Amino acid sequence: MINAQLILIVGLLGLVLLDLLRRYRNFSQSVIHYAALAVLLVSLVSEILFGNLNASFFSEVQYSYFINGFILFISTLIYSFFFADKKSFSPLVDVLFIAAVLGATLVVLSSNLLAVILSIELLSLSSYSLVYFGKTLGTLEGAMKYISTSMVSFVILLFGASLVYAGAGTLSFSNLSSVNYIPFIAGLAVIIAGLGFKSTLVPFHMWAPDTYEASDSTITAFITSVAKAAGIVAMIRIFFFGFQVSSSFVTAVFLALALFTIFLAGIFAIAQDRIKRILAFSSISQAGFAFLGIALLNLQAVSSAVFYIFSFAVADALLFLSFRIMEEKGIRYKKDIKRMFSVSKIATIGFFLGVLSLFGFPPTIGFVGKLLILASLLSHGYIYIVGAVFLMLLLSVFYYFGLFLSLDFKAYSQNKMKKINSREIIILIFCVSLFAGIAFATV
Amino acid sequence: MIYLLSFLLLPFIGIIALMVNTFLKCRMREEKIVGVVIAGTVAIFFGGLALGFKGISIDLVSKIGFSFSLGINSLSLPFMLIAVIIPGALLYTAYKEIKDNKAFFYILYLITYASLISVFISYNFILLFIFWEAAVLSLFFIISFWGDKDTGRASGMKFLVFTQLSSLALLAVILLLFSYTGSFSLYSILQLASSIPLLIQYVILFFLLVTVMIKMPLFPLHAWMPDSYLSAPTTGTVLLSSLLSKLGVYAFLLIGFEMIPAAILHARIILIGIGLLTVLYIAVVATSQRNLKKLFSYSSMIYMAMIFIGISSLTTAGADGAIVLTVSHSFIIAMLFILTGTLKSRSGSYEISSMGGYGAKMPALSVFFVFAVLAVMGVPGLSNFVGEFLVFFGAYSVLPIALIGLIGVIISTNYYLSAIKNVIFGRLSRAGLRDIGKLETLQMLLLSSFVVLVGVLPNLIISMSRGLI
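This report concerns the structure included in the present document. (Residues numbered from 1 in each chain as written. Chains lettered and ligands numbered in written order. Predicted model: local features only at pLDDT ≥ 70, side-chain atom pairs only at ≥ 80, totals over all residues. Heavy atoms only, no water.)

### Let's talk about the layout of surface pockets
It is the rolling of a water-molecule-sized probe over the atoms that shows where space remains empty.
Next, step 1: Taken as a whole, the largest pocket encloses approximately 2,000 Å³ of empty space.
Next, step 2: Together, 49 residues line the largest pocket, and L353 and F435 of chain A together with I15, M19 and I111 of chain B are the ones closest to its centre.
Next, step 3: Among the secondary structure elements, those contributing two or more residues to the lining of the largest pocket are α14 (345–359) and α18 (422–436) of chain A together with α1 (6–23), β3 (56–61), β4 (66–70), α4 (102–121) and α5 (125–146) of chain B.
Next, step 4: Considering each element in turn, the lining of the largest pocket owes the most residues, eight residues, to α1 of chain B.
Next, step 5: Across the lining of the largest pocket, the residue classes break down as 44 nonpolar, four polar and one charged.
Next, step 6: Of the pockets and cavities examined, the second largest pocket occupies roughly 640 Å³.
Next, step 7: Listed by contribution, the elements that provide at least two residues to the lining of the second largest pocket are α3 (76–97), α5, α9 (224–231), α13 (316–347) and α18 (438–456) of chain B.
Next, step 8: Looking at which element gives the most residues to the lining of the second largest pocket, the answer is α13 of chain B, with six residues. (1 Å grid on protein atoms, 1.4 Å probe; cavity = no way out; pocket = protein on both sides within 12 Å on 5 of 7 lines; lining within 4 Å. Points joined across faces, edges and corners; volume = space filled by probe spheres on them. Helix = DSSP H or I, 4+ residues; strand = E, 2+ residues; numbered from the N terminus. Nonpolar A, V, L, I, M, F, W, Y, C, P; charged D, E, K, R; others polar.)

### Brief notes about the pairing of β4 of chain B
Successive side chains on a regular strand alternate, one facing one side of the sheet and the next facing the other.
Residues and elements named next belong to chain B.
Next, step 1: Along β4, five of the five residues are buried, which leaves the element largely enclosed by surrounding structure.
Next, step 2: Burial of β4 is two-sided: the residues F66, F68 and L70 facing one way and the residues S67 and S69 facing the other way are all buried.
Next, step 3: From the end of β3 to the start of β4, which pair antiparallel, there are four residues, and G65 there has a positive phi angle of about 70°. (Buried < 20%, exposed > 50% of the residue type's maximum accessible area, 1.4 Å probe, protein only. Pairing = 2+ DSSP bridges.)

### What about empty space enclosed by the protein?
Next, step 1: Using the criterion set out here, one finds five cavities of 30 Å³ or more in the structure.
Next, step 2: Taken together, 14 residues form the lining of the largest cavity, with S124, Y146, F197, K198 and W207 of chain A sitting closest to its centre.
Next, step 3: When contributions to the lining of the largest cavity are tallied by element, the ones reaching two or more residues are α5 (113–133), α6 (139–168), α7 (181–198), α8 (207–214) and α9 (217–242) of chain A.
Next, step 4: For the lining of the largest cavity, the residue count by class is eight nonpolar, four polar and two charged.
Next, step 5: Of the pockets and cavities examined, the second largest cavity occupies roughly 100 Å³.
Next, step 6: Contributing to the lining of the second largest cavity are F359, G360, F367, K370, L371, L374 and L393 of chain A together with F129, E133, Q164, L168 and L171 of chain B.
Next, step 7: If you list the elements that add at least two residues to the lining of the second largest cavity, you get α15 (365–379) of chain A together with α5 and α6 (152–181) of chain B.
Next, step 8: Ranked by the residues each element gives to the lining of the second largest cavity, the list is headed by α15 of chain A, at four residues.

### Observations regarding the interface of chain A and chain B
Next, step 1: Contacts between the two partners involve 36 residues from chain A and, on the opposite side, 36 residues from chain B.
Next, step 2: Roughly 3,400 Å² is buried in total at the junction of chain A and chain B, and carbon and sulfur atoms are behind 86% of that figure.
Next, step 3: On the chain A side of the interface with chain B, the three residues burying the most area are F390, L405 and F409 of chain A, jointly 20% of the side's total.
Next, step 4: Taken together, the links from chain A to chain B amount to zero salt bridges.
Next, step 5: Applying the counting rule to chain A against chain B returns one residue pair in polar contact (both at pLDDT 80 or more).
Next, step 6: A class-by-class count of the residues in the side of chain A that touches chain B yields 29 nonpolar, five polar and two charged. (Contact = heavy atoms within 4.5 Å. Buried area = accessible area lost by both parts, 1.4 Å probe. Salt bridge = Lys/Arg side-chain N within 4 Å of Asp/Glu carboxyl O. Polar contact = N/O pair within 3.5 Å; in protein donor to acceptor, adjacent residues only side chain to side chain.)

### With respect to helix α16 (residues 383–405) of chain A
Residue and element names in this part refer to chain A.
Next, step 1: Taking 1.5 Å of rise per residue, 23 residues should cover 33 Å, and α16 covers 33 Å from first to last C-alpha, within 8% of that figure.
Next, step 2: The largest bend along α16 measures about 30° and falls at S396.
Next, step 3: Burial within α16 is extensive, with 17 of its 23 residues counted as buried. (Expected span 1.5 Å × (residues − 1). Bend = angle between axes of the 7 residues up to and from the residue.)

### Quick look at unusual backbone geometry
Next, step 1: The omega angle of the peptide bond from V202 of chain A to P203 of chain A is 10°, so this bond is cis rather than trans.
Next, step 2: When you line up the elements, P203 of chain A lands in the loop between α7 and α8.
Next, step 3: Across the junction of F219 of chain B and P220 of chain B, the peptide omega takes the value 5°, indicating a cis bond.
Next, step 4: As for its position among the elements, P220 of chain B is in the loop between α8 (198–215) and α9.
Next, step 5: Look at T200 of chain A: it is not a glycine, yet its phi comes out positive at around 50°.
Next, step 6: Tracing the backbone through its elements, the reader meets T200 of chain A in the loop between α7 and α8.
Next, step 7: Classification of T200 of chain A by relative accessible area gives buried; the value is 0%.
Next, step 8: Phi is positive for L297 of chain A, which is not a glycine, with a value near 50°.

### Notes on the nonpolar core
Next, step 1: Of all hydrophobic cores here, the largest spans 379 residues; its most connected members are L292 and F401 of chain A together with F125 of chain B.
Next, step 2: No other element matches helix α12 (residues 299–327) of chain A, which puts 20 residues into this core.
Next, step 3: In contact with L292 of chain A, other than residues within four places in its own chain, are L255, A258, L259, I262, I373, L377, I385 and V389 of chain A. (Core = buried A, V, L, I, M, F, W, Y, C linked by side-chain atoms within 4.5 Å.)

### Some points on a nonpolar patch on the surface
Residues and elements named next belong to chain B.
Next, step 1: Together, L9, F12, I13, I16, M19, V20, F23 and L24 make up a nonpolar patch on the protein surface, roughly 730 Å² of accessible area in all.
Next, step 2: Relative to the helices and strands, M19 is located in helix α1.
Next, step 3: Owing to a relative accessible area of 33%, M19 belongs among the partly exposed residues under this scheme. (Patch = residues over 30% accessible without salt bridge, like charges linked within 9 Å, V, L, I, M, F, W, Y side chains within 5 Å. Areas by Shrake-Rupley, 256 points an atom, 1.4 Å probe, with all protein chains shown as cover.)

### So, helix α3 (residues 64–86) of chain A
Next, step 1: The end-to-end C-alpha separation of α3 of chain A is 32 Å, in line with the 33 Å expected for 23 residues at 1.5 Å each.
Next, step 2: Trailing α3 of chain A by a residue or two, K87 of chain A shows a phi angle of about 65°, which is positive.

Okay, here's the thing in structure tokens:
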């Protein structure tokens, strides 16, 4: 039976063999890059046509088709951007990238705690190697921070899993029968911490800004969108579909985590002067918004959270990819924004559309995402939480619209339209999906 | 039949034309394109008044009830009248004032124009919110980038933070209405709104008040207003004061008056109290202003507060008065701010002390200035009088003590008259003053003809708001 994951696995092994072959036959590296692109494309198409892996530890749930679809969509676009951007890079990057995508899609499908942990480690292992392979200034620092916190969180996750096993006698999500609650609950609490590292919830976020800033912006686009989405989806899988722990206490803990994440990330973002750090902190606060939806642990809220994850993944990918074009012309600080239009008009427009979507400005998908989350909060009576979220959204006005204030419209009309290159086409595709994505919204 | 979609299509074509004009370096004047678009829209509007409008409804995302539906409700027409005509009259001011980045400015101008009209004809709350936010964002750009060089950006930010709070409160209102009626459509919410529990209606009213009190603005949520009105270019100030503030009125009438009257009925004493407080407080604050633009900014709040009183009295007279006052205030405040902008270009600053004796050198300007100030003071025969009369008539029947609001009107007479005295009369301190040109006279004539028309035949506006339910 053909499915997306099968194609990714076969493609991964095929790429390794192809690279081996290259050493004897001496053909160009770009053959491997094209092959990797083909693997990603074919897996996207087969996901749409044939669905996902459905065997042993992995099974489809109602949202996995949508999430894996957009994960493969975003990854394919980011990979093609990377290819167009870098031209020559080691074939190892292709293998790592596909392994990371495979890991992300498997997280969504896992029906067993062990499978979740293994696939999330496949994703993390590959992504910190990718951070290092970006080879820009300070990548080593970023990669080291990423590796060390990832290792810690991996150990924490394993510890949590062992506690859950001690309590429930099984790691599978489906057959929980007799549960000894003391180790079980402790295990789940530890798992929250472990996954908090992956999905950058405050107070487990400290690695994220440095890593996001240090790595190549294209790779940052990948880890802020796909890798983070996988981390949050793992939360949904474990706490909503797996161990159904819905109680008012869990909701309170989750809401507190989410609000802290949004608030602290917002405060930090206001203080920043470097654009990439602002984006990094804003991407952390987005995780908090998605987590608000998960916190309620009911179907309406979770499906709104799923849509929200989609919306910020697209917007973050768009932002960091457009920023990549800016970055190579030396735009790093807020005051450099006035030169943006002279670098690339399409990338500037993409950048600011991304900012608007992250803020939640209508009619982008970010707006619909926030609308759905707020609607689910309101319809379950969390009116004070909604009030708090509003105040935090006001806070975010400062750092999102502060970026606009440095714009210079003169540069727009003065510079001639250049020929569109392939990187800008990818940015355009993201811009379109920022609006067309509304079609996937459900209540 | 006139399709309502054309109110969106025409500005959209205009925006495309402006973009093509810049990219291909056609060197066509941007003002001409915008002028043609607005003239077309005005023609469509009056055509529609004669022939009737035809709405449209397309389901965009049926799962969340988001449909692209336009239609005329019972309130649309008076609001559309001001939204269609005032930017047209304002265009000449923009032409004289805006010299750099014209293409972008006029794109924003058309976005504001189209979205303001569309707010009043949206039949779906998500659609309404989209247009509402589009208008806010383009005004933010206009204040920040074409406003005062030193204070523009900071004021723009302040404006945005406050209006985002009001937009978020509106979003909360929309979501609450949605979660209790299951629809975003104006029509079905109107049908089902009375079944919402009273407690929830109070919550809705609270959020609605945040929206309205920031947007209009009312004391104590008016902190953004003086800075933004002062720092914005004259075009921006007029758009803010005569149109954007009316979004608050529209929201209060549509959601408050039509959908949750039960909550307002219980709270109307407090609401009228808020309005009276604003009237009295602002009358005192405005008296101490030495800056002409700030004076008119503050004094415009008095009329917004009267509109608020009229609506919250929940009487037919009060609501009619509020609508008449809305229309008349838009025209008058546009005249006042345009004239203030002209005065600033002559004397170099907004300070009243730098002006004086302009009556001798600039007769035409002085005539219109005196006319506008008399109109805003509420001289019978001009439009504000009718509105004020009806508002206080309505408020009196609910709460007789509301008449103390008239003290505010009396105080305001004092500073209006002293403004006339200091600007028009007095000693001439400056040479080389030029009177307003022909086109500016035409612009003023257009605006003042509506002031007289509404003053003499207020029934036109009142019947407009009832005729087509």
